[in-house]
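Each chain, letter by letter, is given below.
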Amino acid sequence: MTVPPFSQSLLEQDVFVLSDLALAVRRRLTERFAELGLNRWDVAVLAVLTDHGPIVQRAAGALLGVDPSDMVDMAERLVAAGWAGRERDPSDRRRYLLTVTPEGREVFERARREELRVREALLAPLGEEDRERWGSLLRLLHGHVRSGSLDALL
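The structure displayed is predicted, hence computed values, not measured ones.

Draft legend 1. Region of interest: the overall build of the chain. Counting its regular elements, the chain contains 8 helices and 3 strands. For the chain, the succession of helices and strands along the chain, N to C, is α-α-α-β-α-α-β-β-α-α-α. C-alpha atoms of the chain, sized along the principal axes, occupy 60 × 40 × 30 Å. Within the chain, the fraction of its 154 residues that count as buried is 26%. Looking at the chain as shown, the accessible area adds up to about 10900 Å², and 56% of this sits on carbon and sulfur atoms. Both charge centroids of the chain, one from 22 positive and one from 25 negative side chains, sit 4 Å from each other.

Below you can see the structure in the form of structure tokens.
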């Protein structure tokens, strides 16, 4: 069965194309992470713990833009898997500090390798200069959205 050509009108809508790409890549990345027993939120929390840990659980959630109650569930999952440690903050016993365990670092590195495989497959048509520009533009747009500037302009 041959795939019909995609709609030109949709290809001219950059936000639609970006969304379509994101869905396709997310699907593949989800499959890769699942093979490791991970989901994308596990990887996101492990990234925060690797970059910022030990970190107060609520602060980790704020970095990820997730509700505190959702962060509790995510932390529970990582602690149960042995990928994160959680203990009371000695400076404020009402708070929990999260840390990444050696097993968590290992599984996070495996997840990073899977992300790299998906990224390489996605960017295969691009040369090195275009890949660097793509990454730079992607991070610029991400910062624009995270800062609230997109919403301010709409």
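After that view of the structure, there is still more to cover.
Draft legend 2. Inspection of the nonpolar core at higher detail. Core analysis: the largest hydrophobic core is formed by 26 residues, its most contacted members being Leu38, Val45, Leu46, Leu49 and Met71. For this core, the elements supplying multiple residues, two or more each, are α2 (14–35), α3 (40–52), α4 (57–64), α5 (68–81), β3 (92–100) and α6 (102–122). In contact with Val45, not counting residues within four places along its chain, are Leu64, Met71, Met74 and Leu78.

Draft legend 3. Geometry of the sheet that holds β3. Strand order in this open sheet of 3 strands is β1-β3-β2, and the pairing throughout is antiparallel. Each having just a single partner strand, β1 (55–56) and β2 (84–89) make up the two edges of the open sheet. Sitting on the sheet, α3 is in contact with β1, β2 and β3, with an inclination near 100° to β3.

Draft legend 4. Structural context of the environment of Ala124. Tracing the chain through its elements places Ala124 in the loop between α6 and α7 (128–146). On the basis of relative accessibility, which here comes to 52%, the residue Ala124 falls in the exposed class. Once the C-alpha coordinates of Ala124 and Pro54 are considered, the two residues, 70 residues apart in sequence, prove to be 37 Å apart.

Analysis parameters
Residues numbered from 1 in each chain as written. Predicted model: local features only at pLDDT ≥ 70, side-chain atom pairs only at ≥ 80, totals over all residues. Heavy atoms only, no water. Helix = DSSP H or I, 4+ residues; strand = E, 2+ residues; numbered from the N terminus. Buried < 20%, exposed > 50% of the residue type's maximum accessible area, 1.4 Å probe, protein only. Areas by Shrake-Rupley, 256 points an atom, 1.4 Å probe, with all protein chains shown as cover. Lys, Arg positive; Asp, Glu negative; His and termini not counted. Charge placed at Lys NZ, Arg CZ, Asp CG, Glu CD. Core = buried A, V, L, I, M, F, W, Y, C linked by side-chain atoms within 4.5 Å. Contact = heavy atoms within 4.5 Å. Pairing = 2+ DSSP bridges. Axes fitted to C-alpha atoms, helices over the stretch in contact; angles between N-to-C directions.

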